[in-house]
Amino acid sequence: MRHQPELTKWDPLSPFSVGNGEFSFSVDVTGLQSFPEQYEVPLGTQSNWGWHFTHGREKFSGEDAALQTFDTHGREVGYPMKPGDRPEAYHWLRQNPHRLQLGRLSFRLFKEDGQEAEAGDITGIHQTMNLWTGILSSEFALQGEKVLVETACHAAMDTIGVRVRSNLIAQGRLQVFVRFPAPDMTHASWDKTVFPDFGHDDRHRTELLESTADGASIGRSMDEDDYRVAWSWSAGKLQQTGVHEWTLQPEKTAGELTFAVGFAPEHAQTADFGSIIEASERHWASFWQNGAAIDFAGSADPRAHELERRVVLSQFLCAMHSGGSIPPQETGLMYNSWFGKAHLEMHWWHASHFPLWGRERLLLNSMDWYTDILPIAEELARSQGYEGARWPKMVGFDGKPCPSPVAPGLIWQQPHPIALAEMLYLADPTPDTLARFRSVVFETATFMASFAHWNEDTKAYDLGPPLIPAQECHRLQDSKNPPYEVEYWKYGLETAVRWAERLNETPDPSWAKVAGAMAPLPEKDGLYLAHENCPDTFEAKNHDHPSMLGAMGLLPGTLVDRETMLGTLLKVKECWQWDTAWGWDFPMCAMTAARLGEPELAVDFLLLDATKNTYLTNGHNYQRPGLSAYLPGNGGLLTAVAMMAAGWQGEHGEGKRAEALPENPGFPQDGSWSVKWEGLKPWL
């Protein structure tokens, strides 16, 4: 409770949200979405089920995109990297399906002279997010009249409950309205925030399906997609005030107004305000009571309080935005980034911490999705001449890959399902877990073995070219043997072998063969390089992700020379352009430092003073204008802290902590840190 976030003024970067893991509703200081223009990013009402295809689902398919071919060890493989001669298909496939903004729910407030109030008329702001109950309390005033608002989300339904108490109700100066935007996304570049479109009324339909004295059902349709909205209230009258807008005028005799708005693909539901509050309270109390906890109180290091704040808020936000039934987008359910699609290379960063914190069920929620899209991943591999399943990078709910100047060339998302499945097995080492993810693990490993290329000259297996490393600033046709990917290939294939043995099956012999002969990690002058063909890593490519560090930290580093990795880590700290890094780079560096026995350096990296390592009042990891929520940073922080406190597994894994590690091995041992925890599990 000592980290319960509060606002006493407008903060254009820190809207609060209520949600349940599948649905989220983000609000301004009024407790609704009354003044969205005050914010740098959209105030979202988003779900994991609400998606749209412009002009229908079958307008284009992946076969319609132009391919650019790249020499792949003597054969040509095509990747949809550029629009080419088919720009319409390229851009449609990139932005479809896109996640819907389901509706804007707002107060309409009036001043004494009858004029509609503006943001500047709002005074006396005091807003508190209760982390223990999930209930948002908002207090503000209009011309001296106080307004008290409570906002909550039902734990099991995508339904918002609101209670409003104010003399403005009796004065007829407070209304509530819902307005629905057009569904299409613009032709925006990757780094441009796309706000909801409240024009183009002809691109969608809003229909009042049913109306009673205290409730209504609204139908929404656009192209081949539709959904339903249910609205119930304590006392008031609903009327249509725009083509896609409906307004609730509360009864003046009522001392307060309660209402609920629910969203669903087919059968939207509401509930009375009290039951929504109770459901939220039960949900969040259970969340906090069933999982790990860590406490830095009593630490002499002045940074400890801030780290604890980040840890507490990140747990709350990741449960709300990253623990749902499909891999999340990088902004979670806050608003659309990259058209609302997930980046599968980020799924590990969103969710790897859940098993470490005793909340593996929140990772399980999205892991079955890989099984669902396995045929798509298998077809992608086949289309490029590989065996097994190649997981796409940037996807909507349907798992279909999309064109991109980067996405088709990335490979570091490939071992993720194996690594995540292994974490789930260590949390629940049963035959059921093995059977549940067997096909995902085996088909992933089969692709990885197929992708690696035997180099007769070096007598080792190479990765690429073509590939793009996790550090995305390298050319597809140049990149060869990036250290993180090479180590991850070895780890993933060896883990697949263990899975087969646990299942009493004979592993594919290629898995162990490739794992046992991976190329050495490229180095120069005692430092690991970004990849084999990048000798000027620390002069020309000292920006974006320092991903070579991931070979030891995130991973056991079985191919790593510790002295070389320590030199690389220190060089990165000295010369990296941190304004170009991303939120997860800081915990990645901290994990490398921890495993190298440099706890002071681990803490320094975790709390490095850099713009993209900023954590806002609401707990979100700020990156840049238009990207003020970045959940991979929050998730990475939790993974690093768990590792720094609970340590990591020994040589033989199987969930057992490495021997000879000091207590809290990633934190300084000089007494400056007091670290108390329970329930955390050792890292890989």
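In case you missed it, the structure is sitting above this.
### Looking at empty space enclosed by the protein
Inspection of the entire model under this criterion finds seven cavities of 30 Å³ or more. Within this model, the second largest cavity holds a volume of roughly 60 Å³. Together, P5, P15, F16, S17, M129, L131, L313, F316, L317, M334, N618 and H620 line the second largest cavity. Those elements that provide at least two residues to the lining of the second largest cavity are β2 (16–19) and α4 (304–321). Sort the elements by how many residues they give to the lining of the second largest cavity and α4 lands first, with three residues. When its residues are assigned to classes, the lining of the second largest cavity shows nine nonpolar, three polar and no charged.

### A short note on the packing of aromatic side chains
Counted by the stated rule, this structure contains 34 aromatic pairs. An angle of 55° between the planes, with centres 6.1 Å apart, marks the rings of W49 and Y227 as tilted. Here Y227 lies in strand β17 (residues 225–233) and W49 lies in the loop between β4 (45–47) and β5 (51–52), a separation of 178 residues in the sequence. When the centroid spacing of 6.3 Å and the interplanar angle of 35° are considered together, the rings of F53 and W92 count as tilted. One end of the pair, F53, is in the loop between β5 and β6 (68–72); the other, W92, is in helix α1 (residues 87–95), with 39 residues separating them in the sequence. Side by side, F53 and W92 carry an identical accessibility label, which is buried. An aromatic cluster is defined as three or more aromatic residues linked by ring pairs; in this entry it consists of W348, W349, W412, Y484, Y488 and W584. R75 extends its terminal NZ or CZ atom over the ring of Y386, reaching a point 4.9 Å from the ring centre. The positively charged end of R108 is found above the aromatic ring belonging to F177, 4.1 Å away from the centroid.

### What to know about the pairing of strand β9 (residues 104–109)
Summarising burial for β9: six of the six residues are buried, a large majority. Burial of β9 is two-sided: the residues R104, S106 and R108 facing one way and the residues L105, F107 and L109 facing the other way are all buried. Examined bridge by bridge, β9 and strand β14 (residues 174–179) share six bridges and lie antiparallel to one another. When the bridges of β14 are listed, R108 appears paired with Q175.

### Description of the pattern of salt bridges
If charged atoms from side chains of opposite charge come close, those side chains can pair. Counted by the stated rule, this structure contains 30 salt bridges. Residue D184 is joined to R203 by a salt bridge in which the shortest nitrogen-to-oxygen separation is 2.7 Å. Taken together, the residues D184 in the loop between β14 and β15 (205–212) and R203 in the loop between β14 and β15 connect sequence positions 19 residues apart. Taking the shortest distance from any N to any O, the salt bridge between K393 and E345 comes out at 3.2 Å. Of this pair, K393 sits in the loop between α8 (374–383) and β23 (394–395) while E345 is found in the loop between β22 (342–343) and α5 (347–351), placing the two residues 48 residues apart along the sequence. When salt bridges that share partners are traced, they join R2, D295 and E308 into one network.

### A few points about the pairing of β2
Neither face of β2 is exposed, since F16 and V18 on one face and S17 and G19 on the opposite face are all buried. Relative to strand β3 (residues 23–27), β2 is paired through four bridges, and the arrangement is antiparallel. Bridge pairing in β3 links G19 to S24.

### Considerations on the nonpolar core
Membership of the largest hydrophobic core comes to 207 residues, with the highest contact counts inside it found for W231 and F259. Setting aside residues no more than four positions away along its own chain, F259 makes contact with L32, L105, I160, G161, V162, V164, V176, W231, S232 and W233. Judged by nonpolar contacts, the second largest core, of eight residues, contains A152, M157, A260 and F273.

### Brief notes about unusual backbone geometry
Put simply, N96 and P97 share a cis peptide bond, and its omega is -5°. Here P97 lies in the loop between α1 and β8 (98–99). Notably, D223 is not glycine yet its phi reads approximately 50°, a positive angle. For D223, the position within the fold is in the loop between β16 (215–222) and β17. One non-glycine residue, N504, adopts positive backbone phi at about 60°. Within the secondary structure layout, N504 lies in the loop between α11 (483–502) and α12 (509–515).

What counts, and where the lines are drawn
- Residues numbered from 1 in each chain as written.
- Predicted model: local features only at pLDDT ≥ 70, side-chain atom pairs only at ≥ 80, totals over all residues.
- Heavy atoms only, no water.
- 1 Å grid on protein atoms, 1.4 Å probe; cavity = no way out; pocket = protein on both sides within 12 Å on 5 of 7 lines; lining within 4 Å.
- Points joined across faces, edges and corners; volume = space filled by probe spheres on them.
- Helix = DSSP H or I, 4+ residues; strand = E, 2+ residues; numbered from the N terminus.
- Nonpolar A, V, L, I, M, F, W, Y, C, P; charged D, E, K, R; others polar.
- Phe/Tyr/Trp six-rings, centres within 6.5 Å; stacked < 30°, edge-to-face > 60°.
- Buried < 20%, exposed > 50% of the residue type's maximum accessible area, 1.4 Å probe, protein only.
- Lys NZ or Arg CZ within 6 Å of the ring centre and 35° of its normal.
- Pairing = 2+ DSSP bridges.
- Salt bridge = Lys/Arg side-chain N within 4 Å of Asp/Glu carboxyl O.
- Core = buried A, V, L, I, M, F, W, Y, C linked by side-chain atoms within 4.5 Å.
- Contact = heavy atoms within 4.5 Å.

These values are about where atoms sit, not about what they do.
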